[in-house]
Amino acid sequence: IDKGTPMSSDDTPLPGTAFQPSPAGIEGIWDHPLVRRASCVGQRLRQIDRSRPWLLDAGLVVVLTALLCVPDLISPQRPEEFDVDFTDLSWPGTIALQAGLMLPLLWRRRKPATTFAVVAAVFLVQCALGVWLRAAMAVLIALYHLALRGRPRQLPVACAVLTLALGLIALRMPGDVSVVDGLFFLATTVVAAVALGLAVRVRRAQLAALHDRAARLEIERDQRSQLAAATERTRVAREMHDIVGHNLSVIITLADGGARAADITPARGKQALLMISDTGRQALGELRRTLGVL
């Protein structure tokens, strides 16, 4: 509770006051060792992804194969919650369907539309055959990446195809579950995958826009600094030209006059030399003052 929240005598917030998180508490969450470790792991994964993107793609496929495909091959047990007659395939048929669902995920980021098309086609075959496979989760992963990286106009077609496949599953639901309820329950997974992909896509677009704005502001700041420096250099050059040019012109005039007066009146020549000395000292003082300002 923030220190500014009104409190009663027993240290409880007064009615009608909202709980406001303390800035120190928020900073404490980010300073937690687990959060720091997770941030470090995320940074390392991003570095690996930038240098070797195929490594994470292959790693995901291996992990999904171990979690979803291997259990179906070892103990092909079907869910007992629904009284549905699933088709039992032989090992070659099961492995072929699993490969068709999992292997296209290797290209899910580079070619999301093609990946979803292949996975959805295999999923339609699976639904038409009435086969239960845990690897069918791959179609939601492909749909998520299509929403994240694909063209927005491809999403309606993808959702329609996936709804058709889910309709085949809903038709096989037991009699006590209506087709509409089953289809609604299955469609929520599709909506969740699409919503998550779009949310991440919008977030990445916002971050990219912020990075672009920061880069443009930095460029504008550098340009303003360069313009200010150029303006200052121009002003200093003008001032130096005025100081040096004026005093040198006076010195040259006095020197010419003193050279002519030296033959006629030496006293005037001496006076001209003194004036030249004074003018030089004055110019030197002004130059020192200008350099001192710089």
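Remember, predicted model here, so these are calculated numbers, not experimental data.

Caption draft 1: Layout of the overall build of the chain. A tally of helices and strands in the chain yields 9 helices and 0 strands. Secondary structure elements of the chain, listed N to C terminal, follow the sequence α-α-α-α-α-α-α-α-α. Among the 294 residues that make up the chain, the fraction classed as buried is 24%. On the chain, roughly 20100 Å² of surface is accessible, and the fraction owed to carbon and sulfur atoms is 65%.

Caption draft 2: Representation of a nonpolar patch on the surface. Taken together, the side chains of Val41, Leu45, Ile48, Trp54 and Leu55 present a nonpolar region at the surface, about 450 Å² in accessible area. Among the secondary structure elements, those contributing two or more residues to the nonpolar patch are α2 (33–51) and α3 (53–74). Sorting elements by how many residues they give to the nonpolar patch places α2 first, with 3 residues. As for its position among the elements, Ile48 is in helix α2.

Caption draft 3: A look at the pattern of salt bridges. If you walk through the whole model with that rule in mind, you get 10 salt bridges. Here Asp222 ties to Arg221 by a salt bridge, and the two come within 3.7 Å at their closest N and O atoms. The exposure class of Arg221 is partly exposed, given its relative accessible area of 45%. The shortest N-O distance in the salt bridge between Arg235 and Glu232 comes to 2.6 Å. Residue Arg235 and its partner Glu232 are both found in helix α8 (residues 179–264); the two are separated by 3 residues, about one turn of the helix. Judged by its relative accessible area of 35%, Glu232 falls in the partly exposed class. Sharing partners across several salt bridges, the network here consists of Glu232, Arg235, Glu239 and Arg289.

Caption draft 4: Structural view of the packing of α2 against α3. The contact between α2 and α3 brings their axes to 4 Å, and the two run at 110 degrees. When the axes of α2 and α3 are compared, the pair comes out roughly perpendicular. In this structure, α2 uses Leu45, Ile48, Asp49, Arg50 and Ser51 to contact α3, whose residues at the interface are Pro53, Leu55 and Leu56. When grouped by side-chain class, the residues that make up the contact of α2 with α3 number 5 nonpolar, 1 polar and 2 charged.

Caption draft 5: Region of the structure containing helix α9 (residues 266–293). Compared with an ideal rise of 1.5 Å per residue, which puts 28 residues at 40 Å, α9 spans 41 Å between its outermost C-alpha atoms and is within 8% of the ideal. What α9 keeps buried is the set Gly269, Ala272, Ile276, Thr279, Ala283 and Thr290.

Caption draft 6: Broad picture of the nonpolar core. In terms of nonpolar packing, the biggest core is built from 34 residues, with Met102, Phe116, Phe123 and Leu143 touching the most fellow members. For this core, the secondary structure elements donating two or more residues are α3, α4 (91–102), α5 (112–129), α6 (138–149), α7 (155–171) and α8. The biggest single contributor to this core is α6, with 7 residues. Ignoring anything within four residues of it in the chain, the contact list for Phe123 reads Leu101, Ala136, Val139, Leu162, Ala165, Leu166 and Ile169.

Caption draft 7: Structural context of the environment of Ala99. Note on placement: Ala99 falls in helix α4. Classification of Ala99 by relative accessible area gives partly exposed; the value is 29%. Between the C-alpha atoms of Ala99 and Val122, which are 23 residues apart in sequence, the distance is 9.4 Å.

Caption draft 8: Structural view of the confidence of the model for the chain. Looking at the chain as a whole, its pLDDT mean stands at 78, while 82% of the residues score no less than 70. Averaged pLDDT values over the elements of the chain bottom out at 56 in helix α1 (residues 23–30) and peak at 90 in α6.

Rules used in this analysis
- What you see as residue numbers is a count from 1 along each chain, following the sequence as written.
- pLDDT decides what is reported in this predicted model: residues at 70 or higher carry local features, side-chain atom pairs at 80 or more are listed and counted, and totals for whole chains, interfaces and linings draw on all residues regardless.
- To get the side-chain values, take all heavy atoms of the structure and skip hydrogens and water.
- Comment: elements are numbered from the N terminus, with helices defined as DSSP H or I runs of at least four residues and strands as E runs of at least two.
- In this scheme, a residue with accessible area under 20% of its type's maximum is buried, one over 50% is exposed, and one in between is partly exposed, where area comes from a 1.4 Å probe on protein chains only.
- Accessible surface area values rest on a Shrake-Rupley calculation with a 1.4 Å probe, where residue burial reflects the displayed protein chains alone.
- Like-charged residues are merged into a patch within 9 Å and nonpolar side chains (Val, Leu, Ile, Met, Phe, Trp, Tyr) within 5 Å, provided each residue has over 30% relative accessible area and no salt bridge.
- We define a salt bridge as a contact between a side-chain nitrogen of Lys or Arg and a carboxyl oxygen of Asp or Glu at a distance within 4 Å.
- Helix axes are fitted to C-alpha atoms over the stretch in contact, other axes to C-alpha atoms as well, and angles between N-to-C directions run from 0 to 180 degrees.
- Relative orientations are named as follows: roughly parallel for angles under 35 degrees, roughly antiparallel for angles over 145 degrees, roughly perpendicular for angles from 65 to 115 degrees, and oblique for any other angle.
- Two residues form a contact once any of their heavy atoms are found within 4.5 Å.
- In this classification, the charged set is Asp, Glu, Lys and Arg, the nonpolar set is Ala, Val, Leu, Ile, Met, Phe, Trp, Tyr, Cys and Pro, and all remaining amino acids, among them Gly, are polar.
- Helices are assigned an expected span. That span is 1.5 Å times one less than the residue count.
- For our purposes a nonpolar core is just a set of buried Ala, Val, Leu, Ile, Met, Phe, Trp, Tyr and Cys residues, chained together by side-chain atoms within 4.5 Å.
- You can read pLDDT as the predictor saying how much it trusts each residue, on a scale of 0 to 100.

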